[in-house]
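# Report on the structure
The primary structure of each chain is shown beneath.
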Amino acid sequence: MAEIQFSEEPDYQRPVQPEEKSFFIRLVLATKIVSTDRQAEQVLLVIAVIALLISVSLFISASKNTKLIIPGNQIDAARKAFLSPAGR
């Protein structure tokens, strides 16, 4: 019987694709504030955390300052319905 032999290296190798950077990383790199992709990712992470903190603080402050505004006639009707004894 003939023995089957396999070569160590595969015949097909994937072509090397150029690494495409995200738009925001390219944008941060274009500012020349940072010089590597890793630093750009860290800057974007800090920006995201700051945006999250600002949005949470705005949400909390907005929820504390909201008041239910009902026109005058509806307030009187609501008071009468709430304060009147049931069945009368």
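Everything quoted here is computed from the prediction, not taken from an experiment. (Residues numbered from 1 in each chain as written. Predicted model: local features only at pLDDT ≥ 70, side-chain atom pairs only at ≥ 80, totals over all residues. Heavy atoms only, no water.)

Further remarks concern the confidence of the model for the protein. Here the protein averages 80 in pLDDT, and 66% of its residues register 70 or above. Across the protein, the element-wise mean pLDDT spans from 65 in helix α3 (residues 72–83) up to 94 in helix α1 (residues 23–30). (pLDDT = per-residue confidence, 0-100. Helix = DSSP H or I, 4+ residues; strand = E, 2+ residues; numbered from the N terminus.)

With that settled, consider the packing of aromatic side chains. Aromatic ring pairs are reported here in terms of the distance separating the ring centres and the angle at which the planes meet. For the coordinates displayed, the defined rule picks out 1 aromatic pair. An angle of 70° between the planes, with centres 5.4 Å apart, marks the rings of Phe23 and Phe24 as edge-to-face. Given the relative accessible area of 51%, Phe23 is considered exposed. (Phe/Tyr/Trp six-rings, centres within 6.5 Å; stacked < 30°, edge-to-face > 60°. Buried < 20%, exposed > 50% of the residue type's maximum accessible area, 1.4 Å probe, protein only.)

Right, let's get into a nonpolar patch on the surface. A contiguous nonpolar patch, built from Val46, Ile50, Ile54 and Leu58 and spanning about 370 Å² of accessible area, is present on the exposed surface. By secondary structure assignment, the location of Ile54 is in helix α2 (residues 37–65). (Patch = residues over 30% accessible without salt bridge, like charges linked within 9 Å, V, L, I, M, F, W, Y side chains within 5 Å. Areas by Shrake-Rupley, 256 points an atom, 1.4 Å probe, with all protein chains shown as cover. Salt bridge = Lys/Arg side-chain N within 4 Å of Asp/Glu carboxyl O.)

The phi dihedral of Lys32 falls on the positive side, at around 65°, and the residue is not glycine. In this structure, Lys32 sits in the loop between α1 and α2.

What follows covers the nonpolar core. Formed by Ile25, Val28, Leu29, Val34 and Ala40, the largest nonpolar core amounts to 5 residues. Element by element, the count of residues in this core is highest for α1, at 3 residues. Setting aside residues no more than four positions away along its own chain, Ala40 makes contact with Ile25, Val28, Leu29 and Val34. (Core = buried A, V, L, I, M, F, W, Y, C linked by side-chain atoms within 4.5 Å. Contact = heavy atoms within 4.5 Å.)

So, about the pattern of salt bridges. Per the stated rule, a full pass over the model turns up 1 salt bridge. Between Lys21 and Asp37 there is a salt bridge, with its nearest N and O atoms 3.5 Å apart. Of this pair, Lys21 sits in the segment before α1 while Asp37 sits in helix α2; the two residues are 16 residues apart in sequence, bridging distant segments of the chain. Overall, Lys21 belongs to the partly exposed group, its relative accessible area being 37%.

On to α1. Among the residues of α1, those classed as buried are Ile25, Val28 and Leu29. Angularly, the buried residues of α1 cover 100° about the axis, an arc narrow enough to put them on a single face. Every exposed residue of α1 that faces more than 90 degrees away from the buried side is listed here: Phe23 and Ala30. Two or three places before Phe24, at the opening of α1, Ser22 has a side-chain oxygen 3.3 Å from that residue's backbone nitrogen. Positive backbone phi, at 65°, marks Lys32, one or two positions downstream of α1. (Arc of directions from axis to C-beta. Polar contact = N/O pair within 3.5 Å; in protein donor to acceptor, adjacent residues only side chain to side chain.)

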